[in-house]
Amino acid sequence: MRSPLLLFGLATIYLTAATGVAAAQPVKESLPPVALTPTEYNNTVADLLGFPQDGTAWPDRPPLADRISPRRAASKGVFLPPPPPPSWPWRFPEEPGSEGFEGIVQGQSPSSYQVEELHLAGMHFGAFALLSPTFLTCDGWNALSTDEQHACAWDSLERLAPRVYRRPLTEQEAGRLHTFWLENAAAYPSDEAVAITVAGLLQAPAFHFRLDPSADPSSAALTNWELASRLSYFLWDSMPDDALFTAAKSGTLFDPIEIKRHARRMLNNPRARSAVVRFHHQWLGTENVLLVAPARRAFGPLFGLTPELKIARDDDVQWPAVMGPVRHSMKLETELFVEQAIFEGDGTFTALLTDSQGYMSDATKPIYGESAVPVADSTPITKQIEIVVASIGQTKPLTLYPTRFPGTERAGILTLPSVLALGAYAVQPGPILRGKRVLERVACMHLGTPIQGAESALPPDTLTAESTNRERTATATSSATCTTCHRLINPPGFAFEHYDAIGKWRDTDNGQPVDASGALTLAGGEQISFTNGIDFVHQLAESDRARDCYAMHWTRYALGTQLDASEPGLAPLQEQFRDDDSIRELLVSIAGSDLFRTRPLLDTSGDHR
Amino acid sequence: MIVPRRRLLQLAGLTALGASLPRTALQAFMQTGEAPRRLIVVSHCHGWPYATWRLRPEGLAEHEPWSVELASMSQEEFSQPLAPLYEHRQRMLALDGLSLATAELDAGGNRHDRGWVHAWTGNNANFSARDTRSTSTSIDQLVAEHIARADRLPSLELSVDAALEAGRPISYSPHGVRLPSENTPLAAWERVFGPASSGDAVGTRRRATLDFAQAEYKELASNLDTSGRNRLDSHFNLVERLGHRLEGLATLSCDAPNRPAATFAQYDQRFDAFTDIIGAAFGCDITRVVALSLGEMPTAEFGADHISDKVHKGIAHYIYDDETKYAAMTDYAAHHARQVARLVSTLENVPDVDGRSVMDNTLIVWGSELGDGWHGYRHYNPVIIGGSWAFNTGRYLYWPHDTPAEMRVPVQVLAEGVSRVSGLPHQKLLVSVAQAMGLGVDHVGLTHVRGQRGDYIDLTGPLDRLA
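Tell me about the side chain of Arg91 of chain B, and please be specific about residues and values.
Residue and element names in this part refer to chain B. Examined against the element boundaries, Arg91 turns out to sit in the loop between strand E2 (66–69) and strand E3 (92–96). The exposure class assigned to Arg91 is buried, which follows from its relative accessible area of 18%. With sequence-adjacent residues up to four places away left out, Arg91 is seen in contact with Val344, Glu348, Ser357, Met359, Asp360, Ile384, Ile385, Gly386, Thr393 and Gly394.

How would you sum up the pairing of strand E8 (residues 527–530) of chain A? Please name residues and give values.
Both faces of the sheet carry side chains from a regular strand, because those side chains alternate between them. Residues and elements named next belong to chain A. Residue alternation in E8 divides its side chains into a buried set, Ile528 and Phe530, and an unburied set, Gln527 and Ser529. As defined by bridge partners, strand E7 (residues 518–521) adjoins E8 across four bridges and the pair is classed as antiparallel. In the sheet register, Gly518 faces E8, and the bridge partner there is Phe530. Where E7 hands over to E8, the hairpin turn is made up of five residues, of which Gly524 adopts a positive phi near 100°.

Explain the domain arrangement of chain A residue by residue, including any values.
Considered domain by domain, chain A is made up of domain 1 (34–209) and domain 2 (269–422). In this structure, domain 1 of chain A and domain 2 of chain A have C-alpha centres spaced 35 Å apart.

Account for the packing of helix H2 (residues 38–49) of chain A against helix H4 (residues 112–126) of chain A, naming residues and giving values.
Residues and elements named next belong to chain A. Across the interface, H2 lies against H4 with an axial gap of 12 Å and an inter-helix angle of 20°. The pairing of H2 with H4 is recorded here as roughly parallel in orientation. Considering the relative orientation of H2 and H4, their crossing is right-handed. Across the interface between the two elements, Tyr41, Asn42, Val45 and Leu49 from H2 touch Leu118, Ala121, Gly122 and Phe125 from H4. Residue composition of the contact of H2 with H4, by class: six nonpolar, two polar and no charged.

Go over the confidence of the model for chain B, please, and point to the residues and values.
Per-residue confidence for chain B gives a mean pLDDT of 89, with 92% of residues at or over 70. Within the model, pLDDT remains below 50 along residues 4–31 of chain B, and this stretch shows 57 contacts once partners closer than five positions in the same chain are excluded.

Cut-offs applied
Residues numbered from 1 in each chain as written. Chains lettered and ligands numbered in written order. Predicted model: local features only at pLDDT ≥ 70, side-chain atom pairs only at ≥ 80, totals over all residues. Heavy atoms only, no water. Helix = DSSP H or I, 4+ residues; strand = E, 2+ residues; numbered from the N terminus. Buried < 20%, exposed > 50% of the residue type's maximum accessible area, 1.4 Å probe, protein only. Contact = heavy atoms within 4.5 Å. Pairing = 2+ DSSP bridges. Domains from an automatic or database assignment. Axes fitted to C-alpha atoms, helices over the stretch in contact; angles between N-to-C directions. Parallel < 35°, antiparallel > 145°, perpendicular 65-115°, else oblique. Left-handed = near helix turned anticlockwise from the far one by under 90°. Nonpolar A, V, L, I, M, F, W, Y, C, P; charged D, E, K, R; others polar. pLDDT = per-residue confidence, 0-100.

Here it is in structure tokens:
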């Protein structure tokens, strides 16, 4: 009987450039393989071992783990020890990233710390193989003789390995794996031998990097196996499922119609939601809302607290107890908003930027005020959140209610409190932060690094100013040195002056009516003149520049590379997106594009300009 | 190979023996050449009682910076908490005029937890999960990443625990996770010397997986183009380093202290057992960075058991309500100073490859998570010992408080309950330490904050006048 390691790939047809990528536009330099991001790693391990992508459903770390890797010493708190780390996910260092995105090869550089964590994670998860509901190909492991255990273990490893490598193993790889297994089986008890062998697989380059050694280096075409991985990590943040593997094995994935069919299928799977949400967190940086720190002296009364804590030895536990749920609520409502706009609503860029239906919790109700109206007959969503109050870690439920906001106050993702609070200081809104985010992330306009001392030149972040925040910011940035950039940055920032530092709507600032009007010219020449933030985001939603930028972010994200904006393959995707406005169809089109199905080529002429 | 023989480092008072006897053995297995720089971060709990800690030679103003040469002072002129360090005064820099201002400006959690994060990372705490996290790495890890030997432990995290409250982890990974610490001398010994003394069963298994991954890479690399190979090279060179480290630790040769007992009755005994391990680990170049967290001492060990059996909730919180408790915390700080003094003496008795002592090539930074036991962040009084290659030691340095950050103060000290200004942000100390250890950084953690009145506060650059 042939080894399944090899059978997995016997029918594989590796396409070459001659078989269908004549239209591809190779660039001059090759790009290295993309590594799994921390999210992708954890999701993939869960899928490989047949556990849900939910740490609460994982078994405890088995004692076996401590026999093959360093024990994990308990951490300590002031009063109570914090809970032990969960079995899953493994907490890795964040990638340096590229323009806020993970999974972009230019933003991936290894560190000794990251490599050690990958090693420890491999040892940790290797010990879970025998607890996996899908790993073993036999029953009653503990009752088997050693010889029977060895036979079953190798059979199971043969089945697992191609899924770890996301392709069939080469004969050499299969041979090395077998040798590795035999060495382990000879040296250690069966359970340890299995765990060590799986741990080795999880540290192999073919697992950590997305690459296929059987690809023809002279060909622009991705192999079907590479395509399956690229598609699944693009839309699911995880490894291919059986249907994708089957399609790769049959050699049909290179067909644009077929890959688009799979893309549509995958977008209908709940897994796509979390992957699409993650993209938007990275696009606007909204995961960092968990670290925003509005000041009690400015916002305490909004939440029923005095502005200042009575001076005492004990610390302020009231404000953290308020802000913990507020921050989590902001993050969760961002996620639910994206899901609703893309998967349940119109699914358009316009909806993403202008929808006024969102989610509110009791924690954020003071921010939205009385004008927010819960949607009748809608289903509340309850999630568990974690916070630390006075050194005690807590898990508590947080319920969000689908809510309709006045269209004159809220329009789309850019007016969510998460985005607004990120663009603020402890007391005052930060028009420069907000403007910069819009220009860089929404309009793909790159502003460079602020001049030295720019931050210190900003007005004091205080409640006791004599003018409006807009006036103070304008004055602070009015010198000739500053205006070069701030004539661009300030207007889109001032557009959101109707929102205070915590994202609450306001009509006045320091007793003066808010002026949120302005005008700016986007790169490419589009001119936008607006009366306030709502007007501004409606025009952004119609802007070719904003749509092109959004499509480019997605395409880069899908390919895992900082694609040049002038890359010809982008234009058809952008043109289609300008016309149909559909985010889901954009993702399908990216999957079916020549760009997606090819790799940058090394210039073999020796001309490496 | 581990040589479990005499206690190498319990040689205090036996300087001549200490200087000659271990040297031959150590030099046999240490790399020759320039001695490595080393860093020890020591963090005790509850800060210092400022009024009894500070030095105020007559005639020096409060409103301008000054310094005094410690060599010119008698032991009687030292404050009670600093007096135990008198014998090491030429190595010392006592810093008066810093604050944990950014911890005051941060919010959430508990002032202890927040203080540990700020004191050693210079950055904000993250309380958005069930465990307290930091938002960037701690100074010990930052330095370890820079100076670690590839085939040895990058750093060693230790805590001297007590029955009531443990020494908390003061080390934070680059992704903000508290690094667990070895909280018994035996656990620390096993981590440092265990792999070479007991066959390293776990390490052997770990290395098997690394070797497999390396073999897979070597085969794969031949099929990759230049850019792919370069990318994977950068990753697998680090994998190889990790393998070297495991192998290096398993095969090292060191004249180690005896395997310590599983338990010690006294806090001081535990502390001294840890210092033996640190001395041997430095002497054998097994690590170059140590983070030593001092958990709460039993009150009997510094003579305060007649007041309470709990430092934290029995004494430290009430220093401004009860003079005897202020005095007890002075004794407490002095007792920790005696421990630090013994650590210095131990390192002075370990010969280094350059013919001097390990202490001559070590920088100790002794700080805390608080300014004082009242949970104050206002007066933060770290002591630097060593680091003479970078610092002009032997001085007490004073800076007036004029940073525009409001600090909470007990009403017994200031009736208003708040000081409108703070001392220099301690981030500048962290920058000084990082630069002394060879890092070309201008900030550690935050680069700036805004005070409560909105003023911009720069946190970049080192402390002035240290060099």
